[in-house]
Amino acid sequence: MANGSITFENKNNGTIKVAPIGFSWTTFFFSGFPALLRGHVIMGIVIIVLAMVTMGFSSIIFAFIYNKMYINYLIGQGAKMSSSTMSDDALKAKLGMEIPKL
C-alpha cells in the first residue's frame, strides 16, 4: 500500500491528479497498465515491454520506483502540489526532493 498521496493541480490545463507515494501495488500486479490509465503513456509502454522481455521481473523493480517517476512526470508537466496526506518534512524525506506548491 502506498504511504500517502499528493494532490496535484495543473493551472496550464486545469487538471487535478492524485499521485500515491511509496510502493506501487498496481504496478506490481498489473505492470505498465496503471501508467497507461494515468496518462503516462511512454512509461507505461516501456514497463510493459520490459516486463515481456524479463518475464515480469522488471515489474517488481518498477513497483518500488514508479510512483516517484509519476510525481516527477506531473511536475514536469507543470503541476504543483495543492494538498498532501503527509507533512512537508515527511514528503521531502520520503521522496528526497522538494515538491513545488501552488
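Further up the page is the structure itself.
Reading guide: rules and limits
- Per chain, residue numbering runs from 1 following the sequence as it is written.
- Predicted model: local features are reported for residues with pLDDT of at least 70 only, side-chain atom pairs are reported and counted for 80 or more only, and whole-chain, interface and lining totals are derived from all residues.
- Excluding hydrogens and water, the side-chain figures rest on all heavy atoms present in the structure.
- Every axis in this analysis is a line fitted to C-alpha atoms, fitted for helices over the stretch in contact. Angles between the N-to-C directions lie between 0 and 180 degrees.
- Where helices and strands are cited, they refer to DSSP runs of H or I of at least four residues and of E of at least two residues respectively, numbered from the N terminus.
- Should an angle fall under 35 degrees it is taken as roughly parallel, and over 145 as roughly antiparallel, whereas 65 to 115 is taken as roughly perpendicular and any remaining angle as oblique.
- A crossing counts as left-handed when the near helix is turned anticlockwise from the far one by less than a right angle, and as right-handed when that turn is clockwise.
- Any two residues whose heavy atoms approach within 4.5 Å at even a single point are treated as in contact.
- Just so you know the grouping, Ala, Val, Leu, Ile, Met, Phe, Trp, Tyr, Cys and Pro go in nonpolar, Asp, Glu, Lys and Arg go in charged, and all remaining residues, Gly too, go in polar.
- When DSSP finds at least two bridges between two strands, those strands are taken to pair.

## Some points on the packing of helix H3 (residues 41-53) against helix H4 (residues 57-76)
- With their axes 10 Å apart at the nearest point, H3 and H4 run at an angle of 165° to one another. When the axes of H3 and H4 are compared, the pair comes out roughly antiparallel. The two elements H3 and H4 cross, and the hand of that crossing is right-handed. Judged by residue contacts, Met43, Ile47, Leu50 and Ala51 of H3 engage Ser58, Ser59, Phe62, Tyr66 and Met69 from H4.
- A class-by-class count of the residues in the contact of H3 with H4 yields seven nonpolar, two polar and no charged.

## A short note on the sheet that holds strand E2 (residues 15-21)
- In space, the three strands of this open sheet follow the order E2-E1-E3, with antiparallel pairing throughout. Either end of the sheet is taken by a strand with one partner, and the two such strands are E2 and strand E3 (80-84). Strand after strand, the sheet turns through a mean of 30° between neighbouring axes, direction not considered.
- Judged from the four bridges that link them, strand E1 (residues 4-10) and E3 form a sheet pairing that is antiparallel. If you follow glutamate 9 over to E3, its bridge partner there is lysine 80.
- On the sheet, H4 packs against E1 and E2 and is oriented at approximately 155° with respect to E2.

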